[in-house]
Amino acid sequence: MQNSSEPNRLEPHATQLINRSRSIIFDFNGTSIRAFDGDTIASALYANGVRIFSRSFKYHRPRGLLCVAGNCPNCLMTVDGEPNVRVCTRSVRSGMHVQHQNAWPSLEWDVISVLDRIDWMLPVGFYYKALHKPKILWRIAEPIIRRIAGLGSINFDSPQDSRYVHTYLHTDILIVGGGLAGMSAALAVAERGLDVILVDDQSVLGGYLRLDTSIYNDVVGVDTSAGHEIARLFASQIATSSRIRVFPNSTAFGFYEGNLIGIIAGNQMIKLRANQVVIATGSYETPTIFEKNDMAGVMLSSAAQRLIHLYGIKPGSTALVTTSSDQGYNVTLDLVKAGIKIAAIADSRRGFPGDLDAAKELQAKGVLTLSSHAPVRAEGAKRVQGGVVARISEDRLTTEERQFDCDLICAT
């Protein structure tokens with residue numbers, strides 16, 4: 001259900017991370033943006049109507065939120081002078097200054113996007129082939145190309161704390177990943193009297209469970225509960241355990257001989273030795289391949305769920321869902337509950353999954369489901385205005401296409 005006082009915000013829900021009783025104001029390109037405690041920069045901007053977050057590296061095509069998990073470059077911005085910050089994972093702070101990158105004069109109207117119109121003249125590596133003779137030509141062209149294709153700019157006059165503290169640690173068990181598997185393993189090991197270090201790249205433990213409203217009755221040590229309730233329970237048990245040390249917002253970047261793990265945790269460079277290492281990083285979605293799948297408004301299904309469940313944001317008004325798994329139906333059900341109209345579900349698999357509760361519920365609500373269909377292209381100029389799917393026959397796309405008006409394409 002939508003919150004009538006804020007057009008893009010949904011009513012409060014148990015899964016949400018935001019605290020609506022505490023507002024935060026920050027600056028984005030000279031405009032004051034209102035956010036809530038618990039918002040990221042990206043969620044606050046999206047709630048305030050921002051849909052284009054960056055421009056592509058070479059052709060300057062508009063980019064919108066894709067993953068909302070820090071796994072893509074679509075939301076890179078400059079924050080308080082620090083370039084190339086993934087704003088979908090950076091929490092808002094009162095008074096912070098956020099600026100867009102790689103677009104002039106603005107994200108909405110980027111002069112250099114003219115390069116997208118002449119992409120046929122700019123094949124991969126054309127500058128190395130066409131601008132190497134005479135040598136002075138490259139000297140002239142190089143700074144221009146670097147400026148056009150660059151990302152953030154470093155302000156050398158801005159005070160930056162670039163110091164890293166080197167820390168050396170040892171533990172019985174290192175667990176990389178703070179989802180259901182990682183948290184369960186940490187609790188089980190701690191019960192046996194062993195010391196555990198748990199590393200996760202998110203600010204809050206729980207992984208996908210944090211935005212999962214499905215009911216589980218097969219999780220060891222937990223009564224029948226929703227996914228987000230299990231995540232909260234396990235996280236609280238870990239927080240009170242004297243045997244478990246948690247490093248949130250941290251990345252284990254290397255696994256070396258002798259169980260030596262390299263970890264970046266804020267401004268710490270940690271070299272950790274562990275007797276045993278458990279890798280519980282789970283999986284993450286990758287974009288579906290179709291024409292204009294990089295357009296603002298094309299979003300991974302898990303990204304739409306994060307906006308809905310963690311930040312109470314309605315990601316669009318009308319959605320086209322493309323899928324090849326049962327996850328697509330679960331996502332669609334979440335979209336429906338958030339008040340989003342569903343244009344259609346395009347499922348690349350054959351036949352209707354009649355044994356799936358979410359699919360049956362959507363069918364009862366009159367949601368159009370197209371089996372053996374896959375996305376062909378997104379339509380629109382700067383942002384999604386529609387989507388086209390085509391029927392699959394003999395494992396190939398046919399020319400039997402169907403067009404739908406929408407402002408959101410969820411791909412899973």
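Residues numbered from 1 in each chain as written. Predicted model: local features only at pLDDT ≥ 70, side-chain atom pairs only at ≥ 80, totals over all residues. Heavy atoms only, no water.

Draft legend 1. Fine view of the overall build of the protein chain. Secondary structure summary: the protein chain contains eight helices and 23 strands in total. At 23 Å, the protein chain has a C-alpha radius of gyration in line with the 22 Å of a compact globule built from 412 residues. Taking the principal axes of the C-alpha coordinates as reference, the protein chain spans close to 70 × 60 × 50 Å. A total of 412 residues make up the protein chain; the buried ones form 46% of that total. Considering only contacts within the protein chain whose residues lie at least 6 apart along the sequence, 56% involve residues at least 24 apart. For the protein chain, the computed accessible surface area is about 21,400 Å², with 52% contributed by carbon and sulfur atoms. For the protein chain, the distance from the average position of its 42 positive side-chain charges to the average position of its 40 negative side-chain charges is 7 Å. (Helix = DSSP H or I, 4+ residues; strand = E, 2+ residues; numbered from the N terminus. Rg over C-alpha atoms; globule rule 2.2 N^0.38 Å. Buried < 20%, exposed > 50% of the residue type's maximum accessible area, 1.4 Å probe, protein only. Contact = heavy atoms within 4.5 Å. Areas by Shrake-Rupley, 256 points an atom, 1.4 Å probe, with all protein chains shown as cover. Lys, Arg positive; Asp, Glu negative; His and termini not counted. Charge placed at Lys NZ, Arg CZ, Asp CG, Glu CD.)

Draft legend 2. How the structure looks around a nonpolar patch on the surface. A cluster of nonpolar side chains, namely Ile136, Leu137, Ile140 and Ile144, defines an oily patch on the protein surface of about 360 Å² accessible area. Within the secondary structure, Leu137 is located in helix α3 (residues 135-149). Take Leu137: its relative accessible area is 31%, and that puts it in the partly exposed class. (Patch = residues over 30% accessible without salt bridge, like charges linked within 9 Å, V, L, I, M, F, W, Y side chains within 5 Å. Salt bridge = Lys/Arg side-chain N within 4 Å of Asp/Glu carboxyl O.)

Draft legend 3. Just the packing of helix α7 (residues 327-337) against helix α8 (residues 357-364), in detail. Where α7 contacts α8, the two axes come as close as 8 Å, and the packing angle between them is 45°. Looking at the two axes, α7 sits oblique to α8. In this structure, α7 meets α8 at a crossing whose hand is left-handed. Residue-level contacts link Tyr329, Asn330, Thr332, Leu333 and Val336 of α7 to Ala358, Ala359, Glu361 and Leu362 of α8. Split by residue class, the contact of α7 with α8 holds six nonpolar, two polar and one charged. (Axes fitted to C-alpha atoms, helices over the stretch in contact; angles between N-to-C directions. Parallel < 35°, antiparallel > 145°, perpendicular 65-115°, else oblique. Left-handed = near helix turned anticlockwise from the far one by under 90°. Nonpolar A, V, L, I, M, F, W, Y, C, P; charged D, E, K, R; others polar.)

Draft legend 4. Highlighting the sheet that holds strand β19 (residues 369-371). Taking strand neighbours across the sheet as the criterion, the five strands line up as β16-β23-β17-β18-β19 in an open arrangement whose pairing is parallel. Unpaired on one side and paired on the other, β16 (298-300) and β19 mark the two borders of the sheet. Averaged over all pairs of adjacent strands, the angle between strand axes in this sheet comes to 20°, irrespective of strand direction. (Pairing = 2+ DSSP bridges.)

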